[in-house]
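These are the residues of each chain, in order.
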Amino acid sequence: MLGIQAVPLGWIALSVIGATLAGYFIARGPRLVLPGIFKQKIPAPCPRLVFLFERGCLADASPAALQLMGQKKLQHLSWDDINTLIAERVRDLPAVLGAVGQSVQIFPKTARYGEAQVSLEQWHETTRVELHNWPETHNLRQLTVISNSELATLRHVAHQNPVLCWRTDQSGQVLWQNDKCHELCKKHQNSLLLGMNALLDLAAEQSGSKTRRAAISNEETEATLHFDINQHDLGDGFLYFAQDVTAIVNADRARQDFIQTLGKTFAQISTGLVIFDKDRRLVQINPALMDMLKLAPDFLSRKHTLQSFFDYLRETRMIPEPRSYATWRKKLTNLILEASHGTFTENWQLPSGATYKVSGRPHPEGAIAFLFEDISVQLSLTRRINTEIEHSQAILDCLEQAVVAVNSSGQITFTNQAFRTLWCVDPDSSFATFSMRDLTALWKTEFSDKNLAKLSEFVAANGRRQNWNFASGSKAQRRLRVYVSALPSQETLIRFKLADVTPSMSAAKTPA
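Quick look at the structure, then.

Criteria and thresholds
Residues numbered from 1 in each chain as written. Predicted model: local features only at pLDDT ≥ 70, side-chain atom pairs only at ≥ 80, totals over all residues. Heavy atoms only, no water. Helix = DSSP H or I, 4+ residues; strand = E, 2+ residues; numbered from the N terminus. Buried < 20%, exposed > 50% of the residue type's maximum accessible area, 1.4 Å probe, protein only. Contact = heavy atoms within 4.5 Å. Pairing = 2+ DSSP bridges. Axes fitted to C-alpha atoms, helices over the stretch in contact; angles between N-to-C directions. Core = buried A, V, L, I, M, F, W, Y, C linked by side-chain atoms within 4.5 Å.

Attention now moves to the side chain of serine 472. Counting through the fold element by element, serine 472 comes out in the loop between strand E20 (468-471) and strand E21 (480-487). A relative accessible area of 10% places serine 472 in the buried class. The contact partners of serine 472, leaving out residues within four places of it in the chain, are Glu446, Phe447, Arg478, Arg479 and Leu480.

The subject of this paragraph is the pairing of strand E8 (residues 164-169). When you tally the buried positions in E8, you get five out of six residues, the bulk of the element. One ladder, built from six bridges, connects E8 with strand E12 (residues 237-244); its direction is antiparallel. Along E12, the bridge assignment pairs aspartate 169 with glycine 237. As paired strands, E8 and strand E9 (residues 174-177) are joined by three bridges and run antiparallel to one another. Of the residues in E9, the one forming a bridge with arginine 167 is tryptophan 176. The turn linking E8 back onto E9 is made up of four residues, and glycine 172 within it adopts a positive phi angle of 100°.

With that settled, consider the sheet that holds strand E18 (residues 402-406). Strand pairing in a sheet relies on backbone hydrogen bonds. The paired strands run either parallel or antiparallel. Strand order in the open sheet formed by five strands is E19-E18-E22-E21-E20, with antiparallel pairing between adjacent strands. Looking at strand neighbours, the two that pair on one side only are strand E19 (412-415) and E20, the edges of this open sheet. Along the sheet, successive strands turn relative to each other by an average axial angle of 20°, direction set aside. Pairing analysis gives five bridges linking E18 to strand E22 (residues 491-498), with the strands arranged antiparallel. Along E22, the bridge assignment pairs alanine 405 with leucine 493. Packed onto the sheet, helix H13 (residues 436-443) meets E18, E19 and E22 and runs at close to 145° relative to E18.

Moving on, we come to the nonpolar core. Formed by 31 residues in total, the largest nonpolar core has its most connected members in Val274, Phe309, Phe310, Leu313, Trp348, Phe370 and Phe372. Sorting the residues of this core by element identifies strand E13 (272-276), strand E14 (282-285), helix H8 (287-292), helix H9 (306-315), helix H10 (325-340), strand E15 (344-349), strand E16 (355-362) and strand E17 (368-374) as the ones contributing at least two each. Counting residues in each nonpolar core, the second largest holds 25 residues, with Trp423, Met436, Leu439 and Val484 among its members.

Remember, this is a structural readout, not a statement about activity or role.
Here you go:
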């Protein structure tokens, strides 16, 4: 065969197929090669469909992308909206932008030739999204539906918003208003918006955003509404949002009226009052305390703190003189602490002779209130009464007759020294309460049961009572005459006198 070796038919067939495929790929042209470590090839789109997102919101788009969306201007779409549309053709797209890293990612990674693909490239908060092999008319209808749906949602939110919202042109003519605004304007016969526009002085040259509070009065209903109005300049007009704060204004006015009423009340009371806020600064003082402490008229203008206030009182000798300044500071610290818990109460005896009862009480929101009450008269009266009681006690103790006073409940209220010596008892020093029952047991060996029973009935009786007396019985160890007298407030005075009497005289009555 002239030295030519036979070639297997299989190899010849493979060579023909390889040449055919090479010619086919050469005819189709080269595929797109992305830079970087990703060498996957995708068809180069023409024109390019590119979207630029900032923090997940569409910030820019190529003309072809805008044409694909059927829009001439950029719409406020998000990645969720675009993702919903392209997810039908491209799978495995990330739900949140920014999770793909700082490089180019291709979706899907195992796409066939000519299949739609999406490339994502991330720079910090910016994401570039490009569609490859994308039909021009794909999802145009769905994009329109989403835009209309979003517009309907925004309209529904605007109309159902409880905040009043309306739009005007440059001259102040109302172009649009939401349902809440329309409802109130209809209720007030459209005087609501007219009043707001008049207060806001909507001039044609007015620009910028403003926020102010407006009060609108309706002469027919005699009602006043208060609104916090926020104004935004739209270029060709203004957009307004008005929050009804009538309840807040009325509550604040009621609080102010209540504070004024309290101030007038505090100005009339005789008890001195001073209040310090949570920062321990003087916020209120009534005229009674100004007169009581002899404070100067310009005292409040000095903005005293709690410590400087009491230091001033110390300098003017309107508080008890402390032994040392260190002792005074320590006492003042304890005073503030006790007043914060509502346990501070002291009587201050001043060098002038006056006596003040000072009480510290906690006040709302961390404040402290101090009450100054002049108790000089009450204290002087108490001292005088105590002196008279001691004087009367001393006089009765000098009497030879034994005396005891018993109230209607049978409790002993008074005895003298002769009584305590005669019966060898001291009710004042007894731990238990000494009563008529104890006296009856004590006198059982001295007086008859009949006289003791009558004496008990006399002590417990109400109304008018007749004085009487009786003598000790035959079983008595000593001869005594007992005089029983009625005292005011249903009390009974019993006196004992040693006497030389016969038994027949025990029932005789003699004047007390």
